[in-house]
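Take a look at the letters that make up each chain.
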Amino acid sequence: MSHTTGVRQAQKQKTRQALLDAGLRLLEDQSLSSLGLREVTRVVGVAPAAFYRHFRDMADLGVALVEEALGSLHTMIRAVLADQAGAEERIDRTVEVVAEHVRAYPAQVRFVARERHGGVRAVREAIGEQLARFADEVAEALGADSELEGWSERDAHMLAALYVDHLVMTASAFLEATPEESERIAGTARRQLRLISLGRRHWLDA
């Protein structure tokens, strides 16, 4: 690759990232379905035609934002799965990790929470596919748990999806919370996780 080509590629990537960043900022206060292409390019300072060198349309930009946002969520889930402490400590640490993630990536959490059931089908589907992959990863990790011995693959995946849904729901709840509300949300999340933990220990009793 020549120096000129390398510079051109770097500039193209810089512009693409600027469009993504601008889109995420603008989506703090509105849904993707109401966001216009010209709003995004105006923030970046490029002509509307330049947008199409990077994305087919606004839905395509939204899907790219999903990949970015859920990349950070993946880091959160890995941190939760890596915790090898006892059940109570693991529950406490899980809620802490979720709260830390929201503080670090509020715009991305807000985007996923809003667009998960939003009006842009391609983005809804992209979020659903990514969360399903996370559930697969959690199910695989749970496979090594002795408490799940004898569980069917279907039931283990159901439990994994429940954990992923709970993480996303708790992250969404933390978004706009005051410090006092955050304490209440954290307490509720811990109790819910304890309930799930108790339930899974007795799932095969019936």
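From a predicted model like this one, the values you see are computed outputs, not experimental measurements.

Caption draft 1: The overall build of the chain, seen in detail. For the chain, the helix and strand inventory stands at nine helices and zero strands. Ordered by position from N to C terminus, the α and β elements of the chain give α-α-α-α-α-α-α-α-α. Here the C-alpha coordinates of the chain stretch approximately 65 × 45 × 30 Å along the principal axes. Among the 206 residues that make up the chain, the fraction classed as buried is 41%. If you take every contact in the chain between residues at least 6 apart in sequence, the share linking residues at least 24 apart comes to 65%.

Caption draft 2: Structural detail: the packing of aromatic side chains. Going through the model one piece at a time under the given rule, you end up with three aromatic pairs. Judged by centre distance (5.6 Å) and plane angle (85 degrees), the ring pair of F51 and Y52 falls under edge-to-face. Summarising the aromatic geometry, the rings of W151 and W203 are spaced 6.1 Å apart at their centres and angled 35 degrees between planes, so their arrangement reads as tilted. Highlighted residues: W151 in the loop between α7 (121–142) and α8 (153–174) and W203 in the segment after α9 (179–201), separated in sequence by 52 residues. The class for W203 is partly exposed, based on a relative accessible area of 41%. Feature note: the residues F51, Y52 and F55 constitute an aromatic cluster, connected by ring pairs.

Caption draft 3: Molecular detail of the pattern of salt bridges. Counted by the stated rule, this structure contains 12 salt bridges. With a shortest N-O distance of 2.8 Å, R110 and E176 are connected by a salt bridge. Taken as a pair, R110 in helix α6 (residues 106–115) and E176 in the loop between α8 and α9 lie far apart in primary sequence, 66 residues in all. Under the relative-accessibility criterion, R110 is labelled buried at 13%. Here R201 makes a salt bridge to E147, at a shortest N to O gap of 3.7 Å. Of the two residues, R201 is situated in helix α9 and E147 in the loop between α7 and α8; the sequence distance between them amounts to 54 residues. Because the salt bridges share partners, they merge into one network encompassing E88, D92, R190 and R194.

Caption draft 4: Region of the structure containing the environment of G71. Among the secondary structure elements, G71 is positioned in helix α4 (residues 58–82). Residues G71 and Q108 lie 37 residues apart in sequence; the distance between their C-alpha atoms is 9.8 Å.

Caption draft 5: Just α4, in detail. Counted at 1.5 Å a residue, the expected span for α4 with its 25 residues is 36 Å, and the 36 Å between its end C-alpha atoms agrees. Two or three places before A59, at the opening of α4, D57 has a side-chain oxygen 3.2 Å from that residue's backbone nitrogen.

Caption draft 6: Geometry of the environment of T170. Tracing the chain through its elements places T170 in helix α8. Exposure remark for T170: the relative accessible area of 5% places this residue in the buried category. Between the C-alpha atom of T170 and that of F134, which follows or precedes it by 36 residues, the distance is 16 Å. Excluding residues within four positions of it along the chain, T170 makes contact with V98, I185 and A189.

Caption draft 7: Representation of the side chain of S182 within the structure. Along the chain, S182 falls in helix α9. Apart from residues no more than four positions distant in its own chain, S182 is found in contact with F174 and A177.

Caption draft 8: Region of interest: α8. Helix length check: α8, at 22 residues, gives a terminal C-alpha distance of 32 Å against a target of 32 Å (1.5 Å per residue), a fit within 8%. Those residues of α8 that sit buried are D155, A156, L159, A160, Y163, V164, H166, L167, V168, T170, A171 and F174.

Caption draft 9: Structural context of the nonpolar core. With 60 residues, the main nonpolar core has M58, L61, L70, L73, F111, L131 and F174 as its most contacted residues. Looking at this core, the elements that each hand over two or more residues are α1 (3–26), α2 (37–44), α4, α5 (87–104), α6, α7, α8 and α9. The leading source of residues in this core is α4, at 12 residues.

Scoring rules and cut-offs
In every chain, residue numbers begin from 1 and rise along the written sequence. Reporting of local features is limited, given that this is a predicted model, to residues whose pLDDT is at least 70; pairs of side-chain atoms are given and counted only at 80 or more, and all residues count toward the totals for whole chains, interfaces and linings. Side-chain numbers here rest on the full set of heavy atoms in the structure, without hydrogens or water. Secondary structure counts use DSSP, requiring at least four H or I residues in a row for a helix and at least two E residues in a row for a strand, with both numbered from the N terminus. Burial classes follow relative accessibility: with a 1.4 Å probe on protein chains only, a residue under 20% of its type's maximum area counts as buried, one over 50% as exposed, and anything between as partly exposed. In what follows, residue pairs with any heavy atoms lying within 4.5 Å of each other are defined as contacts. In summary, the pairing rule links any two rings of Phe, Tyr or Trp, Trp by its six-membered ring, whose centres are within 6.5 Å, and it sorts them by plane angle into stacked for under 30 degrees, edge-to-face for over 60 and tilted for everything else. Only one rule defines a salt bridge in this text: a Lys or Arg side-chain nitrogen within 4 Å of an Asp or Glu carboxyl oxygen. Take the residue count of a helix, subtract one, and multiply by 1.5 Å to get its expected span. The definition of a polar contact used here is a pair of N or O atoms within 3.5 Å, where within protein one atom must be able to donate a hydrogen and the other to accept one, and adjacent residues in sequence count solely through side-chain atom pairs. The term nonpolar core refers to a set of buried residues drawn from Ala, Val, Leu, Ile, Met, Phe, Trp, Tyr and Cys, joined through side-chain atoms within 4.5 Å.

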